[in-house]
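Reading the structure
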2 protein chains.
Amino acid sequence: MISVAVNGYGTIGKRVADAILKQPDMRLIGVAKTSPNYEAFIAHRKGIKIYVPQQSIKKFEESGIPVAGTIEDLVKASDIVVDTTPNGVGAQYKPIYQQFQRNAIFQGGEKAEVADISFSALCNYDEALGKKYIRVVSCNTTALLRTICTINKVTKVEKVRATIVRRAADQKEVKKGPINSLVPDPATVPSHHAKDVNSVIKNLDIVTMAVIAPTTLMHMHFINITLKDKVEKKDVLSVLENTPRIVLISSKYDAEATAELVEVARDLKRERNDIPEVMVFDDSVYVKDNEVMLMYAVHQESIVVPENVDAIRASTRLMSAEDSIRITNESLGILKGYLI
Amino acid sequence: MISVAVNGYGTIGKRVADAILKQPDMRLIGVAKTSPNYEAFIAHRKGIKIYVPQQSIKKFEESGIPVAGTIEDLVKASDIVVDTTPNGVGAQYKPIYQQFQRNAIFQGGEKAEVADISFSALCNYDEALGKKYIRVVSCNTTALLRTICTINKVTKVEKVRATIVRRAADQKEVKKGPINSLVPDPATVPSHHAKDVNSVIKNLDIVTMAVIAPTTLMHMHFINITLKDKVEKKDVLSVLENTPRIVLISSKYDAEATAELVEVARDLKRERNDIPEVMVFDDSVYVKDNEVMLMYAVHQESIVVPENVDAIRASTRLMSAEDSIRITNESLGILKGYLI
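This one's a predicted model, so the numbers in the text were calculated from it and none came from an experiment. (Residues numbered from 1 in each chain as written. Chains lettered and ligands numbered in written order. Predicted model: local features only at pLDDT ≥ 70, side-chain atom pairs only at ≥ 80, totals over all residues. Heavy atoms only, no water.)

**Looking at the sheet that holds strand 7 (residues 133-136) of chain B**
Strand pairs in the sheet, formed through backbone hydrogen bonds, run parallel or antiparallel to each other. Residue and element names in this part refer to chain B. As summarised here, the arrangement of the seven strands in space is 3-2-1-4-5-7-6, forming an open sheet in which the pairing is parallel. In this open sheet, the two strands that pair with only one neighbour each are strand 3 (50-51) and strand 6 (117-119). Pairing of strand 1 (residues 2-7) with strand 2 (residues 26-32), which is carried by six bridges, proceeds in the parallel orientation. Paired with Ser3 across the strands is Arg27, a residue of strand 2. (Pairing = 2+ DSSP bridges. Helix = DSSP H or I, 4+ residues; strand = E, 2+ residues; numbered from the N terminus.)

**Quick notes on the UniProt feature "binding site: D-glyceraldehyde 3-phosphate" in chain A**
Residue and element names in this part refer to chain A. Per the UniProt entry, the sites bearing "binding site: D-glyceraldehyde 3-phosphate" are Ser138, Cys139, Asn140, His193 and Ala194 in this numbering. Spanning 57 residues, the annotated positions come together in the fold, the maximum distance between their C-alpha atoms being 13.1 Å. Along the chain, Asn140 falls in helix 7 (residues 139-151). Ignoring anything within four residues of it in the chain, the contact list for Asn140 reads Ile164, Arg166, His193, His219 and His221. Assignment of secondary structure puts Ala194 in helix 8 (residues 192-198). Overall, the relative accessible area of 2% leaves Ala194 in the buried class. Apart from the residues lying within four places of it in its own chain, the contact partners of Ala194 are Ile206, Val207 and Thr208. (UniProt positions renumbered as here; feature names shortened; annotations may be inferred. Contact = heavy atoms within 4.5 Å. Buried < 20%, exposed > 50% of the residue type's maximum accessible area, 1.4 Å probe, protein only.)

**Here's the deal with the relation of the copies chain A and chain B**
Related by rotation about an axis and a shift along that axis, the two copies of the chain form a pair. Least-squares fitting of chain A to chain B yields an RMSD of 0.0 Å, with the transformation described by 0.0 Å of translation along the axis and a rotation of 180 degrees. When the rotation and shift are considered jointly, the pair of chain copies conforms to a two-fold rotation axis. Of the residues that chain A buries at the interface, 100% are likewise interface residues in chain B, meaning the two copies contact each other through the same surface. (Least-squares fit on C-alpha atoms with pLDDT ≥ 70 in both.)

**A word on the sheet that holds strand 6 (residues 103-106) of chain A**
Residue and element names in this part refer to chain A. Across the sheet, which stays open at both edges, the eight strands sit in the order 4-3-2-1-5-6-8-7 with parallel pairing between neighbours. Edge strands, defined here as strands with exactly one partner in the open sheet, are strand 4 (69-70) and strand 7 (117-119). Sitting on the sheet, helix 1 (residues 11-21) is in contact with strand 1 (2-7), strand 2 (26-32) and strand 5 (80-83), with an inclination near 155 degrees to strand 2. (Axes fitted to C-alpha atoms, helices over the stretch in contact; angles between N-to-C directions.)

**Re the state of the cysteines**
Among covalent bonds in proteins, the disulfide is the one between the sulfur atoms of two cysteines. Residue and element names in this part refer to chain A. This model, assessed by the stated rule, comprises two disulfides over all chains. Between the sulfur of Cys123 and that of Cys149 lies a disulfide, 2.0 Å long from S to S. Measuring the twist about the S-S bond at about 115 degrees, one finds the Cys123-Cys149 disulfide to be right-handed. Taken as a pair, Cys123 in helix 6 (residues 121-128) and Cys149 in helix 7 lie far apart in primary sequence, 26 residues in all. Note on Cys149: relative accessible area 18%, which makes it buried. Its sulfur unpaired, Cys139 is 16 Å from the next cysteine sulfur, which belongs to Cys123. (Disulfide = S-S within 2.5 Å.)

**Overview of the domain arrangement of chain A**
Residues and elements named next belong to chain A. Per the domain assignment, the segments making up chain A are domain 1 (1-135 + 303-328) and domain 2 (137-301). Taking the mean C-alpha position of each, domain 1 and domain 2 sit 26 Å from one another. Each partner contributes residues to the interface: domain 1 has 27 residues there, and domain 2 has 26 residues. Across the interface of domain 1 and domain 2, roughly 2,200 Å² is buried in total on both sides, 52% from carbon and sulfur atoms. Summed over the three residues of domain 1 that lose the most area to domain 2, namely Arg15, Leu122 and Ile303, the buried surface amounts to 34% of that side. On the surface where domain 1 and domain 2 come into contact, there are nine salt bridges. (Domains from an automatic or database assignment. Buried area = accessible area lost by both parts, 1.4 Å probe. Salt bridge = Lys/Arg side-chain N within 4 Å of Asp/Glu carboxyl O.)

**Considering the UniProt feature "binding site: NAD(+)" in chain A**
Residue and element names in this part refer to chain A. Within the UniProt annotation, "binding site: NAD(+)" is assigned to Thr11, Ile12, Gly109, Arg167 and Gln300. Among the residues examined, Gly109 registers a relative accessible area of 35% and is labelled partly exposed. Apart from the residues lying within four places of it in its own chain, the contact partners of Gly109 are Asn87 and Gly88. Along the polypeptide, Arg167 turns up in strand 9 (residues 157-167). Given a relative accessible area of 10%, Arg167 falls into the buried group. Here Ala169 takes part through its backbone oxygen, which lies 3.4 Å from a polar atom of the side chain of Arg167. (Polar contact = N/O pair within 3.5 Å; in protein donor to acceptor, adjacent residues only side chain to side chain.)

This is the structure:
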């Protein structure tokens, strides 16, 4: 039983904490939070212990949320820390993890240099075994890597060209824009996603372009993959259908817009209407000789949650890739094949 | 045990069907659906029997969804029908309910004349006892009526002036607009909501104005109530806090935007992130002499669900208002007091 701390309790942190509570081999020591907002109060109500920065103790106690200790106390009490603090803040916390000699999992908002390895469970779990600091790549990069490493099982992927249409903000982020514009991210090529994919698959020829669209629900990727050998469409569909963490959606059910995909998740009574799987439109899969094109949607709030759970096991050498991925998927209800 | 049919399986129908499955005194015979989309398939997967118009049988069977019978078969097999078909379509189905002498519950999208009575559980349950045709008023009118009838418990409500900022579409409705405009609904006074409130509280002096805003999550109401007598703010807050189907949200938890309220529902792991309660901002409650102003949010997808369940019991004289409302609330997890 490994003792896990979650530092940060926003979009990713609250989901990682919930996921750890469902693992048979993990114990959640507590979470660290800086402001006593509704997320903190709901965590408290669920019985999760809340640790806060020294200077925030008074603020939390005044709001009626008991404080279990400081962030340092939380780190000390745990075997490993999952850092889900905002972009760039994780690097600032790293000295604390080092001071107490604790392993740590960082998120894709940190620079790759923060960790010993950048991580995607379906691509490089074995390389991450025993690594003290692991960085789970961002939501978009996680989706690219899952897809590329899966198609790579059919025949070697030689080249990837992708367009990423990003959601502008998570639903709860009411102060972020744009509300009425498409924003190149950036208006130069490549976007950072290609470099981030290369932090996991070193020598892949990949170029990405990205744009921000005024929506909060999901990202969408439009991807063009060149393979070493000619392939058949049925072989591509088959590997996509048989890989957990990728699900297909059939056009016959009229659920293609991200709003409709989220409605499907609601109707399936998924917690928080999350879709941690890459969501491939089955009719979008186009194959011509050694070229594959396809479209999929990416639920930015939840897709990295299973990778964080696996990263904990890789870092602490708890078990093999196969066992970890299976247990993570089973405990979180993560599927393969057709979603409906 | 009363046998219930649900005709229509969209936003309201699927929620009413789920709610009926949770009632100890009701049995869901099946639902009627016209197109074999994801909602139909998920219903089938849950074991709900699906009835379709004669001309749609082939389309459903081709899509792999077994058909239990026609809509006429569904009506015949049930004691009462909840009609959740689109606005105005319910009136077209009424002759079928009459032909088989079945009681029916209609929605607020129908004209008031379709039914013997317009209904709001906290206002006029007793008047609806034994009525063959009951119309549950729309989401906005349900919220107005819940609030007015609750404040009326403090002292008599003499006058209501309200501004309704409506969501433009439900999240799944990807073809509706506007996406970048405020649309008066209509640019004359009063909006239809005042008349609809008067269909339940006959002689109330009420004037409403409405505008459509480009959002999908919830409506918001800004309401000004004149009372017969002077009141104290604490008495108003107390009655709001002690009435089930109304919940308060404290400003201290930083969850005021509709997006944040929905995030709270997600974090509370509510099914489909529904909030069937009227959601009052506690710090918005302003009292001066005999005048009360307040602001609240209305979850358009789910607020009428408990009223539909109660309307079934009123129509069939199953039990008293008090018992029905209590059982509906308990079975659906509908709260009173502070949400968090």
